[in-house]
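Take a look at the letters that make up each chain.
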Amino acid sequence: MEERLQKILSHAGVASRRKAEELILSGRVTVDGEAVQELGVKLDPMAHTIAVDGKPLSGAEEHRTFLFNKPRGCVSTVSDDRGRRTVLDFFRDIPLRLYPVGRLDADTEGLLLLTNDGVLTQGLLHPRFEVDKTYLAKVTGDMTEAKLRYLADGVLLEDGRTAPARARILEKSPKGATVELTIHEGRNRQVRRMLAAVGCKVTQLERIRFGGLTLAGVARGSYRELTAQELTSLWRIAGGQECRSL
Ligand code: URA
């Protein structure tokens with residue numbers, strides 16, 4: 001059956017659909033030895049040899065998903081032109097093409113999923129499925145109940161108003177506060193920008209929950225593989241069958 005090249009790549013676990021498009025546009029994907037740099041190409045994966053960086057797709061690679069407790073200071077891209085440590089440096093003993101499900105800033109720590117399942121990634125990141133992510137932010141500045149309500153109702157940022165969120169103060173001191181914020185969007189530096197919009201500067205940021213998953217039992221810099229039960233509930237959160245046709 002013919003399918004779009006980017007869909008074939010993401011189903012093979014090479015990358016998310018968007019990343020696969022970037023791979024194609026940058027000329028890293030070949031079909032029967034010829035580079036294909038257009039996004040519209042449809043073909044039957046059984047009838048052609050498709051390769052990324054010269055490496056043929058290895059048929060159906062087993063999909064595996066890991067929960068990682070990211071430390072501060074490493075980037076959640078697969079490579080870094082400034083030579084910083086990446087999250088993949090922690091997965092050297094896993095012989096799979098893993099990539100992170102979304103991103104955390106270099107100076108954010110906490111829960112990050114890594115997988116080689118492009119379809120699951122797509123579902124978890126798609127705005128339609130509104131997957132909850134919970135952050136603990138240590139802030140300086142005066143955090144008040146009125147500001148919490150503003151955060152919860154939607155803050156006006158330069159890229160538009162944020163969707164309704166849940167916010168509560170866990171601790172308050174004369175210098176600042178610890179705030180728990182649950183959002184389902186995934187805009188760039190969203191938590192820092194939301195808190196800046198109410199006059200608070202984030203000094204420490206940790207993601208403590210993603211969907212129903214928490215960091216329980218996973219030390220900073222360590223990971224564990226998700227159980228079959230956890231994967232089943234992630235698939236449900238990520239739209240189930242619906243996310244396969246995105
Ligand atoms: N919001 C941020 O500001 N940073 C992150 O890393 C994640 C969410």
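Our structure is the block above this text.
From a predicted model like this one, the values you see are computed outputs, not experimental measurements. (Residues numbered from 1 in each chain as written. Predicted model: local features only at pLDDT ≥ 70, side-chain atom pairs only at ≥ 80, totals over all residues. Heavy atoms only, no water.)

Caption draft 1: Region of interest: helix α2 (residues 17-25). Listed in full, the buried residues belonging to α2 are Arg17, Ala20, Leu23 and Ile24. Taken around the axis of α2, the buried residues stretch over an arc of 110 degrees, which confines them to a single face. In the segment just after α2, Gly27 is the residue with positive phi, at about 80 degrees. (Buried < 20%, exposed > 50% of the residue type's maximum accessible area, 1.4 Å probe, protein only. Helix = DSSP H or I, 4+ residues; strand = E, 2+ residues; numbered from the N terminus. Arc of directions from axis to C-beta.)

Caption draft 2: The arrangement of the nonpolar core in detail. Ranked by internal contacts, the top residues of the largest apolar core, which has 33 residues, are Phe91, Val139, Met143, Leu151, Met194 and Leu195. Counting only elements with at least two residues in this core, the list comes to β7 (65-70), β9 (108-115), β10 (133-140), α4 (145-153), β14 (176-183), α5 (190-197) and β15 (201-210). Looking at this core element by element, the count peaks at four residues for β14. Taken domain by domain, the makeup of this core includes at least three residues from each of domain 2 (65-127 + 216-244) and domain 3 (132-210). For Phe91, the residues in contact, after removing those within four places along its chain, are Phe66, Phe68, Leu98, Leu114 and Tyr223. Core analysis: the next-biggest nonpolar cluster, separate from the first, contains 17 residues, Leu113, Val119, Phe129 and Leu226 among them. (Core = buried A, V, L, I, M, F, W, Y, C linked by side-chain atoms within 4.5 Å. Domains from an automatic or database assignment. Contact = heavy atoms within 4.5 Å.)

Caption draft 3: Expanded view of the packing of aromatic side chains. Considering all chains together, one arrives at five aromatic pairs under this definition. Pairing Phe66 with Tyr223 gives two aromatic rings, centres 5.6 Å apart and planes at 85 degrees, and the pair type is edge-to-face. Residue Phe66 is located in strand β7, and its partner Tyr223 is located in strand β17 (residues 223-225); the two are separated by 157 residues in the primary sequence. Note on Phe66: relative accessible area 2%, which makes it buried. One aromatic cluster in this structure is built from Phe66, Phe68, Phe90, Phe91 and Tyr223. (Phe/Tyr/Trp six-rings, centres within 6.5 Å; stacked < 30°, edge-to-face > 60°.)

Caption draft 4: Structural view of the environment of Thr115. You can see Thr115 is positioned in strand β9. A sequence separation of 19 residues divides Thr115 from Leu96, and the C-alpha atoms of the two residues are 8.8 Å apart. Setting aside anything within four residues of it in sequence, one finds Thr115 in contact with Arg64, Thr65, Arg97, Leu98, Tyr99, Val101 and Thr121. Within the structure, Thr115 has its side chain in polar contact with the side chain of Thr65 (distance 2.8 Å). (Polar contact = N/O pair within 3.5 Å; in protein donor to acceptor, adjacent residues only side chain to side chain.)

Caption draft 5: Region of interest: the site of the ligand. In the region of the ligand, the neighbouring residues are Leu104, Asp105, Thr108, Tyr135, Arg189, Gln190, Val191, Arg192 and Leu205. For the ligand, a nitrogen atom lies 3.1 Å from a polar atom in the backbone of Val191. When isolated, the ligand has an accessible area of 240 Å², and the protein chains bury 96% of it. For the shell around the ligand, the element with the highest residue contribution is α5, accounting for three residues. Grouping the constituent residues of the shell around the ligand by class yields four nonpolar, two polar and three charged. For the shell around the ligand, the two domains that each supply at least three residues are domain 2 (65-127 + 216-244) and domain 3 (132-210). (Near = heavy atom within 4 Å. Areas by Shrake-Rupley, 256 points an atom, 1.4 Å probe, with all protein chains shown as cover. Nonpolar A, V, L, I, M, F, W, Y, C, P; charged D, E, K, R; others polar.)

Caption draft 6: Geometry of the environment of Leu148. Counting through the fold element by element, Leu148 comes out in helix α4. Spatially, the C-alpha atom of Leu148 lies 34 Å from that of Thr115, the residues being 33 residues apart in sequence. Residues in contact with Leu148, not counting those within four places in the same chain, are Met143, Ala167, Arg168, Ile169 and Val179.

Caption draft 7: Focus on the pairing of β7. Most of β7 is tucked away: six of the six residues are buried. Side-chain alternation along β7 places Thr65, Leu67 and Asn69 on one buried face and Phe66, Phe68 and Lys70 on a second face that is also buried. Relative to β9, β7 runs antiparallel, the two being bridged by six bridges. Bridging across to β9, Leu67 finds its partner in Leu113. (Pairing = 2+ DSSP bridges.)

Caption draft 8: Quick peek at the sheet that holds strand β3 (residues 34-35). Strand order in the open sheet formed by four strands is β3-β2-β5-β6, with antiparallel pairing between adjacent strands. Lying at the two open borders of the sheet, with one neighbouring strand each, are β3 and β6 (55-56). Pairing analysis gives two bridges linking strand β2 (residues 29-31) to β3, with the strands arranged antiparallel. Looking across to β3, one finds that Thr30 is bridged to Ala35.

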